[in-house]
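# Analysis of the macromolecular model
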Amino acid sequence: MKKYLLFLTFLLCVLFNTFQAYNAEECQNEIVLETVNSKNLLTYLEENNLNQKIARVCSSDICMPLNPANLKRDVLTFTNKNLAYLKNKVSDETYQTLELKGFKIEKIILNEC
C-alpha cells in the first residue's frame, strides 16, 4: 500500500511540474526593438528596469538566454558570439563597421512571472 501511495505522490508531482512548465511560456513577453544595438543594450536594459525580467535577447541571427545575476558578462558573451558568427558571413569592411558601431538587437524576451 505504501508503494502505491508513494507512486501516486510521485505521479502528481510530475504532473504538477509539467503543468507549470507549459504555463511558463505564457508568462513571456516579447519586445521588438528598433533603435537598440549591441553597444547600448546594457544601458537600455538598465534604464528601463528590465535587468531582473530578461529571459533572452535576439539579434537577426542568434538568440541567447541572459542570466540577470551575470548580465554584463552574458551581454559581452552574446556580443562576442554574434560577432564571431558575422565574421564569416559578411565582408571585412562590414565586419569592422559592425564591431565599431554595433549590430542591431531585434527583440528582447521578458519573463513576466
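Everything that follows concerns the structure shown earlier in this document.
Residues numbered from 1 in each chain as written. Predicted model: local features only at pLDDT ≥ 70, side-chain atom pairs only at ≥ 80, totals over all residues. Heavy atoms only, no water.

### Digging into the packing of aromatic side chains
Going through the model one piece at a time under the given rule, you end up with 1 aromatic pair. Ring centres 6.0 Å apart and planes at 65° place the aromatic pair phenylalanine 78 and phenylalanine 103 in the edge-to-face group. On the criterion of sequence distance, the pair formed by phenylalanine 78 in helix α3 (residues 71–89) and phenylalanine 103 in the loop between α4 (92–101) and β4 (105–111) is long-range, its members being 25 residues apart. No difference in accessibility class separates phenylalanine 78 from phenylalanine 103, as the two residues are buried. (Phe/Tyr/Trp six-rings, centres within 6.5 Å; stacked < 30°, edge-to-face > 60°. Helix = DSSP H or I, 4+ residues; strand = E, 2+ residues; numbered from the N terminus. Buried < 20%, exposed > 50% of the residue type's maximum accessible area, 1.4 Å probe, protein only.)

### A few points about the pairing of β4
Consecutive side chains along a regular strand alternate between the two faces of the sheet. Across 5 bridges, the pairing between strand β1 (residues 28–32) and β4 is antiparallel. Its bridge partner being in β4, glutamate 30 is matched across the sheet by isoleucine 109. Sheet topology note: the strand β2 (residues 54–59)/β4 ladder contains 5 bridges and is antiparallel. Across the sheet, cysteine 58 pairs through a bridge with lysine 107, a residue of β4. (Pairing = 2+ DSSP bridges.)

### Here we look at the packing of α3 against α4
Viewed as axis vectors pointing N to C, α3 and α4 meet at an angle of 160°, and their least axial separation amounts to 9 Å. By the angle class used here, α3 and α4 are roughly antiparallel. Crossing hand, α3 versus α4: right-handed. Residue-level contacts link Leu83, Leu86 and Lys87 of α3 to Tyr95, Leu98 and Glu99 of α4. Tallied by class, residues from the contact of α3 with α4 come to 4 nonpolar, no polar and 2 charged. (Axes fitted to C-alpha atoms, helices over the stretch in contact; angles between N-to-C directions. Parallel < 35°, antiparallel > 145°, perpendicular 65-115°, else oblique. Left-handed = near helix turned anticlockwise from the far one by under 90°. Contact = heavy atoms within 4.5 Å. Nonpolar A, V, L, I, M, F, W, Y, C, P; charged D, E, K, R; others polar.)

### A few points about the state of the cysteines
Taken as a whole and judged by the stated rule, the model has 1 disulfide. Disulfide partner of cysteine 58: cysteine 63, at an S-S distance of 1.9 Å. One quick way to see it: the torsion about the S-S bond of cysteine 58 and cysteine 63 is about 115°, and its sign makes the bridge right-handed. Residue classification places cysteine 58 among the buried residues on the basis of a relative accessible area of 1%. (Disulfide = S-S within 2.5 Å.)

### Topic: the sheet that holds β4
A sheet is described by the order of its strands in space; here 4 strands give the open sequence β1-β4-β2-β3, paired in antiparallel fashion. The sheet is open, and its two edges are formed by β1 and β3 (63–65), each paired on a single side. For this sheet, the mean inter-axis angle between neighbouring strands, taken without regard to orientation, is 20°.

### Overview of unusual backbone geometry
Positive phi, close to 50°, is recorded for asparagine 49, a residue that is not glycine. Note on placement: asparagine 49 falls in the loop between α2 (41–47) and β2. Since its relative accessible area comes to 60%, asparagine 49 is described here as exposed.

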